[in-house]
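Spelled out, the chains give:
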Amino acid sequence: MKKRFCVLAGLLIIPFLLPFSSQAQTDSVIVTGRIRNLTARMYREASLVSISRNNVLQASRELVRPAPLSVDGTFRVAMPLIYPQEEMYFNYGRISTAFLAAPGTLTLDLNADSLFSMAVPFKFGGVNAQVNQQFARYKAFEATYPDKPDTRKLSEQLATQDDVDAFNVLSTAYQGAFKKFGRMEQPFPLTTRWIMSNNAYNAAAFVYDKAFYENGKLPVSLDDSLRPPNNVILTAARASAMNRFATYATQQLTNDATRANGITVRALASLLERYGKSITTDERTRLRGYAQQNSARAADLRFFDELVKRSPDTLQRLVNYETLIQRSIRQYDSTAVDYLAAYWLTTTLPGLTLNFARLLYDYARPQIKDSKLAASLDELYSLEIKDSTRIRSAMQTLRKASTQTNALEISPGVFVTRNNSASGSALLDQIIDANRGKVIYLLLTSPGNEAGRQAALDAQRLRNTYSLRDFALVYVPMPDNDKALWPELATRYNLSGDHVLLTENQLMDAVSRFRANDEISAMVINRTGKVIKRNAPLPGALEEAAKIIEKGL
């Protein structure tokens, strides 16, 4: 019997200020507008509007640019475009609307007196004005449409159906509201393409989720049809569906044992020649010979193995990446391979140091031939390295210090403690003693996976909840092969608090204090240094964690 599956619910939206590399700025739209009859109270409560857009490689982010409101309610913001038509979002307080942007100028006006009394309080002008106005009317209609798709019921209904039938049922369900709307007014062709595309991508995301959770393989013809070529419109639904495709494809490429697992001799020899450490002239000559012939004897494997051991972390990451690329080439067309290559890199970047991110980007970027995907990758890479000057300054401060540091501030609010000659338990005692009189939240986390990095970010919300006189946040990161990884991450994401950097041996000693059930774990200590709770709620469960903390306040 097939396993039941659940549709992934909401996506994590991470708004941030967005600098763009020159490579990514292929075009732009100027968004101007005015909130008429803006009161002084409204202005005090919200003096900014924001315009946001998507990146096809990372659906979990909305890329946001804020725009200050003038006292007369006017605003202006320039947004870059990668695709010819891009779905964007206007937000002011509790008011939001989607619109379709294209190169040129787009205007958006609304009246503060009717924000909550009119179904469509927005008036669009400039590029795509009629389409955006009609789309706003459609969304107002859809909000009151009684037969909207219920994802829970659809999951139950489709659990026993094959993938083709499931997609047909989903397509019919998602198109229902638009078909009814089309009987009320004639949609413009671009409005039709926009809405129909969104509905199709929503159905595609559902099908990819179903296949992933059932660990099933989609028919090739269906898989290809879920990713229509030459689509000029970028929307949140498209980004989400393409991310789901990448997750599904990664599972298929990783798990299919019938496919050759290794990379070619040519690829491995080229990687070793380019990225291997201390390669001699004779070794380089041998590698070029292997690359030219694309073959090697079993006896030659020892030669390759010895070269890999000189820089195992770097080469293992590159080999893993190249292996997935070569497997995908055997299964998908060039556009899909380009997408997967760019997607895999963007999902890896947040957990890399600046130097390794640059190395992997320089290796992968030339392989991506699709100009839109290349520009999308450039945009996300630019975001990951935007604080490189500040990060390098922090790392220089850490390098100049001795291996025994006590609350060394490498970046504002980021204090590092380390001592390779002390025990891990002693270092924890040192931090606890330094924070006596406060409730201490110790977070054991891992910089090498997304869950660990997210827990570290979530912990900042806890820190911001309490006065620094009463509360201390202490990070205990798992050691990584690259000692620079955690200090760089702490600086990049402004992880204010104490950071205890431990060696592998020190960690084993310290973990015994946590009695942790997982590599991501928390412990709460009261003002006198006694443990309130081991395996405490993680910071993502803010209310539950706060209840434990407040027992000690």
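Note that the coordinates shown come from a computational prediction; the quantities given were computed from them, not determined experimentally.

Conventions we followed
- Residues numbered from 1 in each chain as written.
- Predicted model: local features only at pLDDT ≥ 70, side-chain atom pairs only at ≥ 80, totals over all residues.
- Heavy atoms only, no water.
- Helix = DSSP H or I, 4+ residues; strand = E, 2+ residues; numbered from the N terminus.
- Rg over C-alpha atoms; globule rule 2.2 N^0.38 Å.
- Buried < 20%, exposed > 50% of the residue type's maximum accessible area, 1.4 Å probe, protein only.
- Areas by Shrake-Rupley, 256 points an atom, 1.4 Å probe, with all protein chains shown as cover.
- Phe/Tyr/Trp six-rings, centres within 6.5 Å; stacked < 30°, edge-to-face > 60°.
- Lys NZ or Arg CZ within 6 Å of the ring centre and 35° of its normal.
- Core = buried A, V, L, I, M, F, W, Y, C linked by side-chain atoms within 4.5 Å.
- Contact = heavy atoms within 4.5 Å.
- Pairing = 2+ DSSP bridges.
- Axes fitted to C-alpha atoms, helices over the stretch in contact; angles between N-to-C directions.
- pLDDT = per-residue confidence, 0-100.
- Salt bridge = Lys/Arg side-chain N within 4 Å of Asp/Glu carboxyl O.
- Polar contact = N/O pair within 3.5 Å; in protein donor to acceptor, adjacent residues only side chain to side chain.
- Arc of directions from axis to C-beta.

J.: Would you mind showing me how to read the overall build of the protein chain here?
T.: Of regular secondary structure, the protein chain possesses 20 helices and 16 strands. For a compact globule of 553 residues, the expected C-alpha radius of gyration is about 24 Å, and the protein chain comes in at 27 Å, within 12% of that figure. Along the three orthogonal principal directions, the C-alpha set of the protein chain runs to about 75 × 65 × 50 Å. Taken over 553 residues, the protein chain has a buried fraction of 51%. If you sum the accessible surface of the protein chain, you get close to 26,100 Å²; carbon and sulfur atoms cover 51% of it.

J.: Help me understand the packing of aromatic side chains in this model?
T.: For any pair of aromatic rings, the description consists of the separation of the ring centres together with the inter-plane angle of the planes. According to the stated counting rule, one finds 22 aromatic pairs in the structure shown. Here the aromatic rings of Phe90 and Phe122 are separated by 6.5 Å at their centres, their planes lie at 75 degrees, and the arrangement is edge-to-face. One end of the pair, Phe90, is in strand S5 (residues 85–92); the other, Phe122, is in strand S8 (residues 122–126), and 32 residues separate them in sequence. The exposure class of Phe122 is buried, given its relative accessible area of 8%. Feature note: the residues Phe135, Tyr138, Phe141, Tyr145, Phe178, Phe181 and Trp194 constitute an aromatic cluster, connected by ring pairs. The ring of Phe245 carries the charged tip of Arg227 above its face, separated from the ring centre by 4.1 Å.

J.: Where do I start with the nonpolar core in this structure?
T.: Nonpolar side chains tend toward joint burial in soluble globular proteins. Formed by 76 residues in total, the largest nonpolar core has its most connected members in Leu57, Phe245 and Tyr339. Top contributing element to this core by residue count: helix H12 (residues 334–348), with nine residues. Not counting the four nearest positions on each side in its chain, Leu57 is found in contact with Asn243, Tyr339, Ala342, Tyr343, Thr346, Leu373, Ser376, Leu377 and Leu380. Of all hydrophobic cores here, the second largest spans 34 residues; its members include Leu354, Val439, Tyr441 and Ile548.

J.: How should the sheet that holds strand S12 (residues 439–445) be read in this particular structure?
T.: Sheet strands line up and pair through hydrogen bonds in the backbone, either parallel or antiparallel. One open sheet holds the seven strands; their spatial order is S10-S11-S14-S13-S12-S15-S16, and the pairing between them is mixed. Among the strands making up the open sheet, the edge pair consists of strand S10 (404–411) and strand S16 (531–534). Neighbour-to-neighbour, the strand axes of this sheet turn through a mean angle of 20 degrees, independent of strand direction. Lying on the sheet, helix H15 (residues 388–400) is in contact with S10 and strand S11 (414–419); it crosses S10 at an angle near 160 degrees.

J.: What is the right way to look at the sheet that holds strand S7 (residues 104–111) in this model?
T.: Taken in spatial order, the four strands line up as S4-S1-S7-S8 in an open sheet, and their pairing is mixed. Both outer strands of the open sheet, strand S4 (74–81) and S8, are each paired with one neighbouring strand and no more. Between one strand axis and the next, the sheet turns by 20 degrees as a mean value, whatever way the strands run. In this fold helix H2 (residues 129–144) packs onto S7 and S8, with an angle of close to 160 degrees to the strand it touches most, S8.

J.: What's the story with the confidence of the model for the protein chain in this structure? I'm lost.
T.: Atom-level detail of predicted coordinates should not be read off regions where pLDDT is low. With 94% of its residues at a pLDDT of 70 or more, the protein chain shows a mean pLDDT of 88. Below a pLDDT of 50 lies the segment residues 1–25, which in the model reaches 67 contacts outside its immediate sequence neighbourhood of four places, other chains included.

J.: I'm lost on the pairing of S11 in this one. Help?
T.: The two faces of the sheet receive side chains in turn, since in a regular strand these alternate between them. Across the six residues of S11, five count as buried, placing the element largely inside the fold. Bridge count between S10 and S11: five bridges; the pairing is antiparallel. Across the sheet, Glu409 pairs through a bridge with Phe415, a residue of S11. By the bridge criterion, four bridges tie S11 to strand S14 (residues 497–500) in an arrangement that is parallel. When the bridges of S14 are listed, Phe415 appears paired with Asp498.

J.: It is not clear to me how the pattern of salt bridges should be interpreted in this structure. Could you clarify?
T.: Should their charged atoms come close, side chains of opposite charge can pair. Considering all chains together, one arrives at 26 salt bridges under this definition. Across the pair Asp305 and Lys309 runs a salt bridge whose closest N-O atoms are separated by 3.4 Å. One end of the pair is Asp305 and the other is Lys309, both in helix H10 (residues 301–309) and four residues apart, which spans about a single turn. Under the relative-accessibility criterion, Asp305 is labelled partly exposed at 39%. Between Lys386 and Asp387 there is a salt bridge; the shortest N-O distance is 3.3 Å.

J.: Sorry, what's going on with the side chain of Asn199 here?
T.: Secondary-structure assignment places Asn199 in helix H5 (residues 189–213). For Asn199, the side chain forms a polar contact with the side chain of Gln175, separated by 2.7 Å. Beyond its immediate sequence surroundings of up to four residues, Asn199 is in contact with Tyr174, Gln175 and Phe178.

J.: I'm lost on the environment of Asn494 in this one. Help?
T.: Considering the arrangement of structural elements, one finds Asn494 in the loop between helix H18 (485–492) and S14. Judged by relative accessible area, which is 43%, Asn494 ranks as partly exposed. When sequence neighbours within four positions are dropped, the list of residues in contact with Asn494 reads Arg390 and Gln460. Engagement of the side chain of Asn494 in a polar contact is seen with the side chain of Arg390, the distance being 3.1 Å.

J.: Whenever I open this one, unusual backbone geometry confuses me. Can you help?
T.: Outside of glycine, negative phi angles account for most residues, and trans bonds account for most peptide bonds. Even without a glycine there, the phi angle at Asn215 is positive, about 55 degrees. Within the element layout of this structure, Asn215 appears in the loop between H5 and helix H6 (220–225). Its identity as a non-glycine residue notwithstanding, Ala407 has a phi of 55 degrees, on the positive side. Structurally, Ala407 can be placed in strand S10.

J.: Teacher, can you tell me more about helix H20 (residues 542–552) here?
T.: Every α-helix carries 3.6 residues per turn, so stepping three or four residues along brings you back to the same face. Those residues of H20 not exposed but buried are Ala545, Ala546, Ile548, Ile549 and Gly552. An end-on view of H20 places all buried positions within 165 degrees of arc, on one side of the element. Facing away from the buried side of H20, by more than 90 degrees, are the exposed residues Glu543, Lys547 and Lys551. Packing partners of the buried residues in H20 comprise S12, helix H17 (450–465), strand S13 (471–477), strand S15 (521–525) and S16.

J.: Please clarify how the environment of Ser376 should be interpreted in this entry.
T.: Looking at where Ser376 falls in the secondary structure, it is placed in helix H14 (residues 371–384). Among all residues touching Ser376, those that are not within four sequence positions of it are Asn55, Val56, Leu57, Ile82 and Tyr83.

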